[in-house]
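# Remarks on the overall topology
So you can see what is in the structure, the chains are spelled out below.
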Amino acid sequence: MPETPRGLQLREGDVLLMVGTTKGAFLFRSDADRKRWEMDGPHFPGEEVYALAFDRRGGRRDLWAAPASAFFGTTLRKSVDGGATWSGKDERPVRFPETSGLSLERIWQIRPGRDHEPDRLFLGVEPTCLFESADGGESWTAVAGHLEHEHRAHWTPGNGGLCLHTILPDPSSSERMLIAQSTGGVYRTDDGGATWRARNAGVRAEFLPDRYPEFGQCVHKVAHHPARPERLFLQNHWGLYRSDDWGDSWEDVADGVPSDFGFCMAVHPHDPDTVYIVPLESDGFRCTPGAQLRVYRTRDAGTSWEPMTRGLPQENAYETVLRDALDVDSLDAAGVYFGTRSGRVYASRDDGESWEALQEELPPVVCVKATVVGPA
Amino acid sequence: MSVVVVLPAPLRELAGGEASVPLAGYPGTVGEALAALRTEHAAVYDRIVTEQGEVRQHVNLFVGTTSVRRTGGLDTPLEPDSEILVLPSVSGG
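First things first, this report covers the structure right here in the doc.

Thresholds applied
Residues numbered from 1 in each chain as written. Chains lettered and ligands numbered in written order. Predicted model: local features only at pLDDT ≥ 70, side-chain atom pairs only at ≥ 80, totals over all residues. Heavy atoms only, no water. Helix = DSSP H or I, 4+ residues; strand = E, 2+ residues; numbered from the N terminus. Rg over C-alpha atoms; globule rule 2.2 N^0.38 Å. Buried < 20%, exposed > 50% of the residue type's maximum accessible area, 1.4 Å probe, protein only. Contact = heavy atoms within 4.5 Å. Lys, Arg positive; Asp, Glu negative; His and termini not counted. Charge placed at Lys NZ, Arg CZ, Asp CG, Glu CD. Buried area = accessible area lost by both parts, 1.4 Å probe. Salt bridge = Lys/Arg side-chain N within 4 Å of Asp/Glu carboxyl O. Polar contact = N/O pair within 3.5 Å; in protein donor to acceptor, adjacent residues only side chain to side chain. Nonpolar A, V, L, I, M, F, W, Y, C, P; charged D, E, K, R; others polar. Pairing = 2+ DSSP bridges. Phe/Tyr/Trp six-rings, centres within 6.5 Å; stacked < 30°, edge-to-face > 60°. Patch = residues over 30% accessible without salt bridge, like charges linked within 9 Å, V, L, I, M, F, W, Y side chains within 5 Å. Areas by Shrake-Rupley, 256 points an atom, 1.4 Å probe, with all protein chains shown as cover. Arc of directions from axis to C-beta. Disulfide = S-S within 2.5 Å.

With that settled, the discussion passes to the overall build of chain B. Looking only at helices and strands, chain B has three helices and five strands in total. Computed over its C-alpha atoms, the radius of gyration of chain B comes to 12 Å, within 12% of the 12 Å expected for a compact globule of 93 residues. C-alpha atoms of chain B, sized along the principal axes, occupy 40 × 30 × 25 Å. Per-residue burial over chain B gives 43% buried out of 93 residues. Within chain B, contacts between residues at least 6 apart in sequence are counted, and of these 50% link residues at least 24 apart. Side chains of chain B carry 6 positive and 11 negative charges; the gap between the two charge centres is 9 Å.

Now the structure itself:
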């Protein structure tokens, strides 16, 4: 039997790493030097955990998780004591309206809202829909402008299901937000969620007769830095792009990577032009190219990319890193973390220059979230 | 005499630790029994049934030894002493 999780004693300045797997969630804590890690888990043993989040707004230390049973559905759970206890086992606040004909399959993303709206949170779910809470996560409502979107009938599921996996609120405007889904692509609202416009100009769809449709792309991840939110980076199902205008147009920035296929993407915490990705060979062979596990980093907004290899296996490494399994903390130098489908978690505490295995032999990793405990 | 819902281990915690739940009234069908279950144990109901009122894909309900998928689904008739067995299917990884 798995050990019973005790939770972590989180102190101000600690680094918290939340790792979701197909068999439960694991929590890791370190002080700011990030050399020694304490592990706690598995939380929700036997249940897949595709979405995790830490909400530190307004003095909170809320851990959020979305475990899903293969049999009994998805729940949304919260812990205010470092994972010692989780509320929400007997509640199901995330529900589609009966009139929609839809049922919740999986929660793919938990996103605390803007700093100036500390009670607002967002969820991205499968089948694709944006949910919103205005009361700190007590109650949730499907955002009607997305639920009833005229394109909905044309959105089709990819291999992972029809999921909304990326939520990027404009930190300075409650009216603007960008979301991404597979398939469907990128959508943006400029009126607080009432309407959503497809923002995929220049993003290709290899799997459609029209390679550049208005919508229908299989976008895997979009990332940006809150200090320069209009500059977006996009990892596509074939394609690597940048936008400097909140998604109105996209430019191919895949020069210098071994493959422009991949899933995950994260922006450096202090430099909006530094981005991390882990390319994969192809959609037919979703493993690291050349059996080398390499994180690619750009420091010039995609003009050039460099492989980060020190400490990572460079032979016989047939690894896959999924869309939410790469993240950064907010320290200087930045911690960069990722997990693989073979159950390994790697960490860098020097902006990605060097790496070491933080944990091995976990179940397949599907989500990695890093944060520094303390005020937002 | 009452209709009883027998729960698998993962759901018992949501029913106060009980392995079986006797239902109030006299539900005449499986659907009526689940509605009665919802009144007493909404969290258990939500694990068995989606928000569209459908039994979850990987949950099987048996009346006696027969799956209700073969006997009319939620319209499957019940006797006053029927036992509804809730079991997770052989799926997952």
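Having seen the model, we can carry on.
In this section: the overall build of chain A. Looking only at helices and strands, chain A features one helix and 28 strands. In terms of overall size, chain A behaves like a compact globule, its C-alpha atoms giving a radius of gyration of 19 Å where 376 residues would be expected to give roughly 21 Å. For the C-alpha atoms alone, the extent of chain A along its principal axes is close to 50 × 45 × 40 Å. A total of 376 residues make up chain A; the buried ones form 61% of that total.

With that out of the way, let us pick up the interface of chain A and chain B. Between chain A and chain B, the contact holds 20 residues from the first and 21 residues from the second. For the pairing of chain A and chain B, the buried interface totals around 1,700 Å² over both sides, and the portion due to carbon and sulfur atoms is 50%. Of all residues in chain A, the largest losses of buried area upon contact with chain B belong to Phe71, Phe72 and Lys89 of chain A, amounting jointly to 44% of the total for that side. Applying the counting rule to chain A against chain B returns three salt bridges. Here chain A is connected to chain B by seven residue pairs in polar contact (both at pLDDT 80 or more). Class assignment of the residues belonging to the side of chain A that touches chain B gives a composition of eight nonpolar, five polar and seven charged.

This next bit is on the pairing of strand β2 (residues 24-30) of chain A. Residue and element names in this part refer to chain A. Extensive coverage of β2 is indicated by the burial of seven of its seven residues. A two-sided burial pattern is seen for β2, the buried positions comprising Gly24, Phe26, Phe28 and Ser30 on one face and Ala25, Leu27 and Arg29 on the other. In this structure, strand β1 (residues 15-21) lies alongside β2, joined through seven bridges in antiparallel fashion. Counted as the bridge partner of Met18 is Leu27 from β2. The turn joining β1 and β2, which pair antiparallel and follow one another in sequence, is formed by two residues. Bridge count for β2 against strand β3 (residues 38-43) is four bridges, and the pairing is antiparallel. Each bridged residue has a counterpart across the sheet, and for Phe28 the counterpart in β3 is Met39.

Attention now moves to the packing of aromatic side chains. Tallied over the entire structure, the rule returns eleven aromatic pairs over all chains. One aromatic cluster is present, built from ring pairs that chain together Trp238, Phe261 and Phe263 of chain A.

Another aspect to go through is the pattern of salt bridges. All names here are of chain A. Counted under the stated rule, the structure contains 39 salt bridges over all chains. Measuring nitrogen to oxygen at the nearest pair gives 3.2 Å for the salt bridge that ties Arg29 to Glu38. One salt-bridge network, in which partners are shared between bridges, spans Asp55, Arg57, Arg60, Asp62, Lys78 and Asp119.

Residues and elements named next belong to chain A. Here Asp55 is to be found in strand β4 (residues 48-55). Engagement of the side chain of Asp55 in a polar contact is seen with the side chain of Arg57, the distance being 2.9 Å. Discounting residues that sit within four places of it in the chain, Asp55 has contacts with Arg60, Arg61, Asp62, Trp64, Pro112, Pro118 and Leu121.

This brings us to the environment of Ser100 of chain A. Tracing the chain through its elements places Ser100 of chain A in the loop between β7 (77-79) and β8 (106-112). The class of Ser100 of chain A is partly exposed, set by a relative accessible area of 24%. Along the sequence, Ser100 of chain A and Leu147 of chain A sit 47 residues apart, while their C-alpha atoms lie 8.0 Å from each other. Those residues in contact with Ser100 of chain A, other than ones at most four positions away along the chain, are Leu147 of chain A together with Gln52 of chain B. A distance of 3.1 Å separates the side chain of Ser100 of chain A from the backbone nitrogen of Leu102 of chain A, its partner in a polar contact.

A separate point is the pairing of strand β18 (residues 240-243) of chain A. Residues and elements named next belong to chain A. Across the two faces of β18 the burial is the same, with Leu240 and Arg242 and Tyr241 and Ser243 all buried. Pairing between strand β17 (residues 228-236) and β18: four bridges, direction antiparallel. If you follow Leu232 over to β18, its bridge partner there is Ser243. Taking the residues that link successive antiparallel strands as the turn, the β17-β18 hairpin has three residues, and the phi of Trp238 there is positive, at about 75°.

As a further point, take a negative patch on the surface. Where like charges cluster on the molecular surface, the negative patch consists of Asp90, Glu91, Asp135 and Glu138 of chain A. Inspection of the secondary structure assignment puts Glu138 of chain A in the loop between β10 (129-133) and β11 (141-142).

Moving on to helix α2 (residues 30-40) of chain B. Residue and element names in this part refer to chain B. Within the sequence span of α2, burial applies to Val30, Ala33, Leu34, Ala36 and Leu37. Projected down its long axis, α2 carries its buried residues within an arc of 160°, all on one side. On its buried face, α2 sits against β2 (20-22), α3 (42-48), β3 (59-63) and β5 (83-88).

We now examine the state of the cysteines. Residue and element names in this part refer to chain A. All chains considered together, the criterion is met by zero disulfides over all chains. For the unlinked cysteine Cys163, the closest cysteine sulfur is that of Cys218, found at 7.9 Å. Owing to a relative accessible area of 0%, Cys163 belongs among the buried residues under this scheme.

Residue and element names in this part refer to chain A. Taking strand neighbours across the sheet as the criterion, the four strands line up as β12-β13-β14-β15 in an open arrangement whose pairing is antiparallel. With one partner strand each, in any of the chains shown, β12 (163-169) and β15 (197-198) form the two edges of the open sheet. Pairing analysis gives six bridges linking β12 to strand β13 (residues 177-182), with the strands arranged antiparallel. Following the sheet pairing, Thr166 is matched in β13 by Ala180.

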